[in-house]
Amino acid sequence: MKILKNDTVKILLGKDAGKTGKVLKVFPRKDKVLVEGINVSKRHIKKTAQYEGGIIDISKPVNISNVILVCPSCKKETKVGFEIKNGVKNRVCRKCREIIKNG
């Protein structure tokens, strides 16, 4: 996967288009990512021993094709490339050619 946990991404499509957020979780088999504060929906929860009850906000996963990585060094939206240096495969920003740290 080109987008990993703790990456900053920008939303391209949907009701939250243009917003940025941090990736909380990646679902590689479903090609989805959970982004902090994006695709939030309301959920009505009944009172139980564990929950107080009421209406809570839940973030739902977004398709990975609807997000783009924001490079931590140049702060631009970019595609991810790969480079092999000293036998180690690294993710690289395609605009500034800087190595993107994993997580």
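Cut-offs and rules
- Residues numbered from 1 in each chain as written.
- Predicted model: local features only at pLDDT ≥ 70, side-chain atom pairs only at ≥ 80, totals over all residues.
- Heavy atoms only, no water.
- Core = buried A, V, L, I, M, F, W, Y, C linked by side-chain atoms within 4.5 Å.
- Buried < 20%, exposed > 50% of the residue type's maximum accessible area, 1.4 Å probe, protein only.
- Helix = DSSP H or I, 4+ residues; strand = E, 2+ residues; numbered from the N terminus.
- Contact = heavy atoms within 4.5 Å.
- Pairing = 2+ DSSP bridges.
- Salt bridge = Lys/Arg side-chain N within 4 Å of Asp/Glu carboxyl O.

Novice: Help me get a handle on the nonpolar core, residues and values and all.
Specialist: Considering soluble globular proteins, one finds that nonpolar side chains tend to be buried as a cluster. Judged by nonpolar contacts, Ile 3, Val 9, Ile 11, Val 23, Val 33, Val 35, Ile 38, Val 62, Ile 64 and Val 67 together constitute the single largest core of 10 residues. Of all elements in the fold, only strand E1 (8–11) and strand E3 (32–35) reach the threshold of two or more residues within this core. Beyond its immediate chain neighbours, meaning those up to four positions away, Val 9 contacts Ile 3, Lys 19, Thr 20, Gly 21, Val 23, Val 35, Val 67, Ile 68, Leu 69 and Val 70. Ranked by size, the runner-up nonpolar core spans 5 residues in total, among them Cys 71, Val 80, Cys 93 and Ile 100.

Novice: Outline the sheet that holds strand E2 (residues 20–27), supporting the account with residue identities and numerical values.
Specialist: One open sheet holds the 6 strands; their spatial order is E6-E3-E2-E1-E7-E8, and the pairing between them is antiparallel. For this open sheet the edge positions go to strand E6 (62–63) and strand E8 (77–78), each flanked by a neighbour on one side alone. Where strand E7 (residues 67–70) lies against E8, 2 bridges are found, and the strand directions are antiparallel. When the sheet's bridge partners are listed, Val 70 is paired in E8 with Glu 77.

Novice: Residues and numbers for the pattern of salt bridges, please.
Specialist: All chains considered together, the criterion is met by 5 salt bridges. Of the charged contacts, one joins Arg 91 and Asp 7 as a salt bridge, the two residues approaching to 2.8 Å between their closest N and O atoms. Residue Arg 91 is found in strand E10 (residues 88–93), and its partner Asp 7 is found in the segment before E1; the two are separated by 84 residues along the sequence. Look at Arg 91 and you get buried, because its relative accessible area is 4%. We note a salt bridge from Lys 10 to Glu 77, for which the minimum N-O separation is 3.2 Å. Within this pair, whereas Lys 10 is found in strand E1, its partner Glu 77 is found in strand E8, the two being separated by 67 residues in sequence. When its relative accessible area of 22% is taken as the criterion, Lys 10 is described as partly exposed. For Glu 77, a relative accessible area of 36% gives the class partly exposed.

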